[in-house]
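Spelled out, the chains give:
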Amino acid sequence: MTGHAGGVNRAELADFLRRGRARLEPSDVGLAPGARRRTPGLRREEVASLAGMSVDYYTRLEQSRGPRPSRQMLTALARALRLTNDERDHLFHLAGEEPPRRDGASSHVRPGLLLVLDRLHDAPAMVITDCGEVLAQNALSRALSGDALARPPRERNLVRRFFLDAAARELLPPEDRPEHARAHVANLRAVTAARPDDPQPAALVAELRSASEEFARLWETHEVAVRRASAKRFRHPVVGLLELDCEVLLTDDRRHQLILHTARPGTASHERLQLLRVVGVQDMTTDTAP
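Note that the structure is predicted; figures quoted are calculated from it, not measured.

1. Concerning the pattern of salt bridges
Here's step 1: Tallied over the entire structure, the rule returns 24 salt bridges.
Here's step 2: When the shortest N-O distance is used, the salt bridge between R160 and E207 registers 3.0 Å. Here E207 lies in helix α10 (residues 199-211) and R160 lies in helix α8 (residues 158-164), a separation of 47 residues in the sequence.
Here's step 3: With a relative accessible area of 21%, E207 lands in the partly exposed category.
Here's step 4: The salt bridge involving E175 is made with R233; its shortest N-O contact spans 2.8 Å. With a gap of 58 residues between them, E175 in the loop between α8 and α9 (177-194) and R233 in strand β5 (residues 230-236) connect regions that are remote in the sequence.
Here's step 5: In this structure E175 comes out as exposed when scored by relative accessible area, which is 55%.
Here's step 6: Overall, R233 belongs to the partly exposed group, its relative accessible area being 23%.
Here's step 7: In this structure, a network of salt bridges that share partners links the residues D15, R18 and R19.

Here it is, written out as structure tokens:
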């Protein structure tokens, strides 16, 4: 079954995926090289893991068969294969889908930013939109705060989870939570003012004002502050209290942020962060996000 079927150019899509996989090395996506490989590029199971899909599903796509991939799945594949914006748009076209608009806060992360994320082995780091949507995490970030991309799409927003999911606050000491709440609201206030015609931040604000009394109260104070560097404390269920410095690196258009947490050398938090790196995501008993 090749050619166009239901708007999907299956043969071209399969070829594009195979070529995209072949041009990547494990080190390009933050994976250990492992044993010598007979053929260049990533293995199918590695791409499937990076995209959060089953190996069988991905294999069928490369074999010009299987169901039409959803927009969410195409976005995940574009991220896994480190596609540029133009390549991402081409992928959507091959699947019979209209590419996402580029004037909003895109869910597509630039390959260069993902490369930086993959190189950060000893510090928790994630890429989020200015509205708080988690787009990518490195392994230590997942070990610290849980795998955001394993959750349903609506539960990947840090602001929504902070105000609507009590479990999301358990990672923070109780005395620190009011300041985190104020920072989330003040940042979202700045984003909505900067993008008055973008429905995404406005919809998030409307939802939270309706569902959270705390958010509604803080929203009325009209505080405005873009997310910046700060100190944060985390209560990890395995390694204990971590006092980390949080750096926020912005992309040129300020729509995406690389959030980096580091511990000062010689401190107890630095030792605990190294322990967390060893422990990894094993026996994780939390599924929260800062």
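Alright, that's what it looks like, and here's the rest.
2. Comments concerning the packing of helix α1 (residues 10-22) against helix α5 (residues 85-94)
Here's step 1: The interhelical angle for the contact between α1 and α5, taken along N-to-C directions, is 150°, at an axis separation of 9 Å. Looking at the two axes, α1 sits roughly antiparallel to α5. The two elements α1 and α5 meet at a crossing, and its hand is left-handed. Residues E12, L13, F16 and L17 of α1 form the contact with α5, whose own contacting residues are E87, H90, L91 and L94.
Here's step 2: Residues belonging to the contact of α1 with α5 are distributed by class as follows: 5 nonpolar, 1 polar and 2 charged.

3. Some words on helix α6 (residues 111-119)
Here's step 1: Restricting attention to buried positions, one finds in α6 the residues L113, L114, L117 and D118. The buried residues of α6 occupy an angular sector of 140° when the element is viewed end-on, so they sit on one face.
Here's step 2: Summarising the contacts, the buried residues of α6 are in contact with α4 (71-80), β3 (125-129), β4 (134-137) and β7 (256-262).

4. Thoughts on the pairing of strand β6 (residues 240-250)
Here's step 1: With 7 bridges joining them, β5 and β6 adopt antiparallel strand pairing. Across the sheet, the residue bridging to R235 is L241, located in β6.

5. Structural notes on the sheet that holds β3
Think of a sheet as strands paired side by side through backbone hydrogen bonds, with each pair either parallel or antiparallel.
Here's step 1: As summarised here, the arrangement of the 5 strands in space is β4-β3-β7-β6-β5, forming an open sheet in which the pairing is antiparallel. Each of the sheet's edge strands pairs with one partner strand only, and the pair in question is β4 and β5. On average, each strand axis in the sheet is tilted by 30° relative to the strand beside it, whichever way the strands run.
Here's step 2: Inspection of the sheet shows β3 paired to β4 by 3 bridges, in the antiparallel sense. Bridged to I128 within β4 is V134.

6. Things to note about the confidence of the model for the chain
Here's step 1: Confidence in the prediction for the chain averages 86 pLDDT; 91% of positions are at 70 or higher.
Here's step 2: Contacts for the low-pLDDT stretch residues 1-5, under 50 throughout, to residues beyond four places or in other chains number 10 contacts.
Here's step 3: Across residues 283-290, where pLDDT falls below 50, the model places 31 contacts with residues more than four positions away in sequence or in other chains.

Conventions used here
- Residue positions are given per chain, counting from 1 as you read along its sequence in written order.
- The predicted nature of this model means local features are confined to residues of pLDDT at least 70 and side-chain atom pairs, given and counted, to a pLDDT of 80 or more, with totals for whole chains, interfaces and linings taken over all residues.
- By convention in this description, side-chain values take in all heavy atoms of the structure and omit both hydrogens and water.
- The term salt bridge refers to a pairing of a side-chain nitrogen on Lys or Arg with a carboxyl oxygen on Asp or Glu at a separation within 4 Å.
- Secondary structure elements are defined from DSSP: runs of H or I of at least 4 residues count as helices, runs of E of at least 2 residues count as strands, and each element is numbered from the N terminus.
- Each residue is assigned to one of three classes by its accessible area relative to the maximum for its type, calculated with a 1.4 Å probe on protein chains only: buried under 20%, partly exposed between the two thresholds, exposed over 50%.
- Axis lines are fitted to C-alpha atoms, over the contacting stretch for helices. Their N-to-C directions set the angle, which ranges from 0 to 180 degrees.
- Should an angle lie under 35 degrees it is considered roughly parallel, over 145 roughly antiparallel, and from 65 to 115 roughly perpendicular; all remaining angles are considered oblique.
- When the near helix sits turned anticlockwise from the far one by under a right angle, the crossing is termed left-handed; a clockwise turn instead gives a right-handed crossing.
- Whether two residues are in contact is decided by their heavy atoms, any of which lying within 4.5 Å being enough.
- Residues were grouped as follows: Ala, Val, Leu, Ile, Met, Phe, Trp, Tyr, Cys and Pro as nonpolar; Asp, Glu, Lys and Arg as charged; and all remaining residues, including Gly, as polar.
- This arc corresponds to the set of directions leading from the helix axis out to the C-beta atoms.
- Being paired, for any two strands, means DSSP has found at least two bridges between them.
- As a per-residue measure, pLDDT tells how confident the predictor is, with possible values from 0 to 100.

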